[in-house]
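# Fold and geometry: a report
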Amino acid sequence: MIRTRYFQTDGTLQPDLDPGAFPTALSEAGSLLWVDFMGEAPEICEPILLKTFNFHPLAVDDALRESHVPKVDDWDTYLYIVMHDIAFLRDSLEVETFELDVFLGPNYIVTYHDFPIPSLDRIWSACEHDTRTFKRGVDHLLYRITDELTADFMQVIEDMDEEIDGLENDVFKKTNPTLAQRIFSFKRATLHLRRVMSPLREVLNKLARDDYAMIDSRDQVYFRDVYDHLVRLHDISESLRDLAGGALDTYLSVINNRMNEVMKTLTIITTLFMPLSFLVGFFGMNFFLPRQPVYAFMEIPVFIITLLLLLVTPILMFNWIKRRGWM
């Protein structure tokens, strides 16, 4: 799908401009053209990007056929910027990324993405009802896009913070392989988040401090504001990664403690029944052949005494173990 927003010099906003009218719109000074390619086939996008906008074939190939980490390339007459939007999937505890390729020129901005990006759609709808962003130029429109992307990062980090709180509480309530798998998945999600945020932070740092012809120095303060937000979010994401590691260590400690309790209980049971096994085993061995019948040892009183001995012995062993402080 190809959608356009064309802000004319007289202050009117024309939507759904035909691609054949792009050259005329680009030649009009003081206008602003925003072209958004969403999930469009490269065969359709490539002629427009190469012939109408005169982008370099390498930049077009990067946007249409390759995936990149966030970066910014200066092609003198335009900037090629790669950014990522993210979403946190709570069911699978995964961080999903959506690449957004941006071409920023003197009076135009071209965006390309394979999947819908909520933050971009919000800006698209907002600009339809409020044209002040177009009046302030393409660099301010780029700032609005980066600011909305950062808002999505903030929401993802808040969701992840709630999730790690739940995982930490579950560690002390239940221990099962599913919980361990969720902790590992969450830790992997934090690593993925870090791989996205670190280069994106550098992109905003360049936009805020480097000298680019497409970005007015007066608007760089807005990019510095977004950069500060990303720095803070990056620090929070690092703390989330530490919390995930701490939750994993706590889980393993709880498992070991419960295993120790189980082994302690089994050891006590074995210790209590060890004298009984010795008694019944010793008297059950017929090493000597009696010279005369031993009917006296087969009467009821002897049987009762034996049962009492077998009953009292573990009780005595239990009290002795308790006095020693072993349980």
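Predicted, not measured: the structure shown is a model, and the values here were computed from it.

Calculation rules
- Residues numbered from 1 in each chain as written.
- Predicted model: local features only at pLDDT ≥ 70, side-chain atom pairs only at ≥ 80, totals over all residues.
- Heavy atoms only, no water.
- Helix = DSSP H or I, 4+ residues; strand = E, 2+ residues; numbered from the N terminus.
- Rg over C-alpha atoms; globule rule 2.2 N^0.38 Å.
- Buried < 20%, exposed > 50% of the residue type's maximum accessible area, 1.4 Å probe, protein only.
- Contact = heavy atoms within 4.5 Å.
- Areas by Shrake-Rupley, 256 points an atom, 1.4 Å probe, with all protein chains shown as cover.
- Lys, Arg positive; Asp, Glu negative; His and termini not counted.
- Charge placed at Lys NZ, Arg CZ, Asp CG, Glu CD.
- Phe/Tyr/Trp six-rings, centres within 6.5 Å; stacked < 30°, edge-to-face > 60°.
- pLDDT = per-residue confidence, 0-100.
- Axes fitted to C-alpha atoms, helices over the stretch in contact; angles between N-to-C directions.
- Parallel < 35°, antiparallel > 145°, perpendicular 65-115°, else oblique.
- Left-handed = near helix turned anticlockwise from the far one by under 90°.
- Nonpolar A, V, L, I, M, F, W, Y, C, P; charged D, E, K, R; others polar.
- Pairing = 2+ DSSP bridges.
- Arc of directions from axis to C-beta.
- Core = buried A, V, L, I, M, F, W, Y, C linked by side-chain atoms within 4.5 Å.

Attention now moves to the overall build of the protein. Secondary structure assignment for the protein yields nine helices and seven strands. Computed over C-alpha atoms, the radius of gyration of the protein comes to 36 Å, more than 25% over the 20 Å expected from 2.2 N^0.38 for 327 residues, which places it beyond the range of a compact globule. The principal-axis extent of the C-alpha atoms belonging to the protein is close to 125 × 40 × 30 Å. Within the protein, buried positions represent 41% of all 327 residues. In the protein, 65% of the contacts between residues at least 6 apart in sequence involve partners at least 24 apart. Put simply, the protein shows about 18,400 Å² of open surface, and 58% of that area lies on carbon and sulfur atoms. Here the protein contributes 31 positive and 49 negative side-chain charges, whose respective centroids are spaced 13 Å apart.

Relative to the helices and strands, Val69 is located in the loop between α3 (57-65) and β4 (71-74). Between the C-alpha atoms of Val69 and Leu200, which are 131 residues apart in sequence, the distance is 7.9 Å. Not counting residues up to four positions away in its chain, the partners in contact with Val69 are Val82, His84 and Pro199.

Following the criterion strictly, the structure yields 14 aromatic pairs and no others. Each ring, one from Trp34 and one from Trp124, has its centre 4.6 Å from the other, and the planes form 65°; the classification is edge-to-face. Of this pair, Trp34 sits in strand β3 (residues 32-38) while Trp124 sits in helix α4 (residues 118-129); the two residues are 90 residues apart in sequence, bridging distant segments of the chain. Its relative accessible area of 0% is what places Trp34 among the buried residues. Trp124 gets classed as buried once you look at its relative accessible area, which sits at 5%. Here Phe55 and Tyr108 contribute two aromatic rings whose centre-to-centre distance is 6.0 Å and whose plane-to-plane angle is 45°, an arrangement assigned as tilted.

Right, let's talk about the confidence of the model for the protein for a bit. Averaged over every residue, the pLDDT of the protein is 83; residues scoring 70 or more account for 93%. Least confident of the elements in the protein is helix α9 (residues 300-323), whose mean pLDDT is 77; most confident is strand β7 (residues 108-113), at 91.

Close contact between helix α2 (residues 42-52) and α3 brings their axes to 10 Å; oriented N to C, the two are set at 150°. Considered as vectors, α2 and α3 are oriented roughly antiparallel to each other. Handedness of the crossing formed by α2 with α3: right-handed. Where α2 abuts α3, its residues Pro42, Cys45, Glu46, Leu49 and Leu50 lie against Pro57, Val60, Leu64 and Arg65. Here the residues of the contact of α2 with α3 are counted per class, giving seven nonpolar, no polar and two charged.

On the basis of which strands lie adjacent, the open sheet formed by seven strands has the order β2-β1-β3-β7-β6-β5-β4 and mixed pairing. The open sheet has two free edges, formed respectively by β2 (13-15) and β4, since each of these has just one partner strand. On average, each strand axis in the sheet is tilted by 15° relative to the strand beside it, whichever way the strands run. The pairing of strand β1 (residues 2-7) with β3 spans six bridges and is antiparallel. Bridge pairing links Phe7 to Leu32 in β3. Most of the contacts of helix α7 (residues 177-209) go to strand β5 (residues 79-89), to which it runs at about 150°, and overall it touches β4, β5 and β6 (94-104).

Positionally, His229 belongs in helix α8 (residues 220-283). Along the primary structure His229 and Phe153 are separated by 76 residues, whereas in three dimensions their C-alpha atoms are 9.8 Å apart.

For α2, every residue scored as buried is listed here: Cys45, Ile48 and Leu49. On an axial view of α2, the arc spanned by its buried residues comes to 95°, and they lie on one face. Turned more than 90 degrees from where α2 packs its buried face, Glu43 and Lys51 sit exposed. The elements touched by buried residues of α2 are β1, α1 (22-27), β3, α3 and β7. Looking at the residues trailing α2, positive phi occurs at Asn54, about 60°.

What follows covers the pairing of β5. β5 sits mainly inside the fold: nine of its eleven residues count as buried. In sequence, β4 turns back onto β5 through a hairpin of four residues, with Asp76 there showing a positive phi of about 65°. Counted between consecutive antiparallel strands, the loop separating β5 from β6 contains four residues, among which Leu93 sits at a positive phi close to 55°.

Counting residues in hydrophobic clusters, the biggest one holds 62 residues, and the most contacted among them are Trp34, Ile81, Met83, Ile145, Met160 and Leu207. Not counting residues within four places of it along the chain, the set of residues in contact with Ile145 comprises Trp34, Met83, Leu100, Ile109, Leu120 and Ile123. Ranked by size, the runner-up nonpolar core spans 24 residues in total, among them Leu26, Val35, Phe55 and Tyr80.

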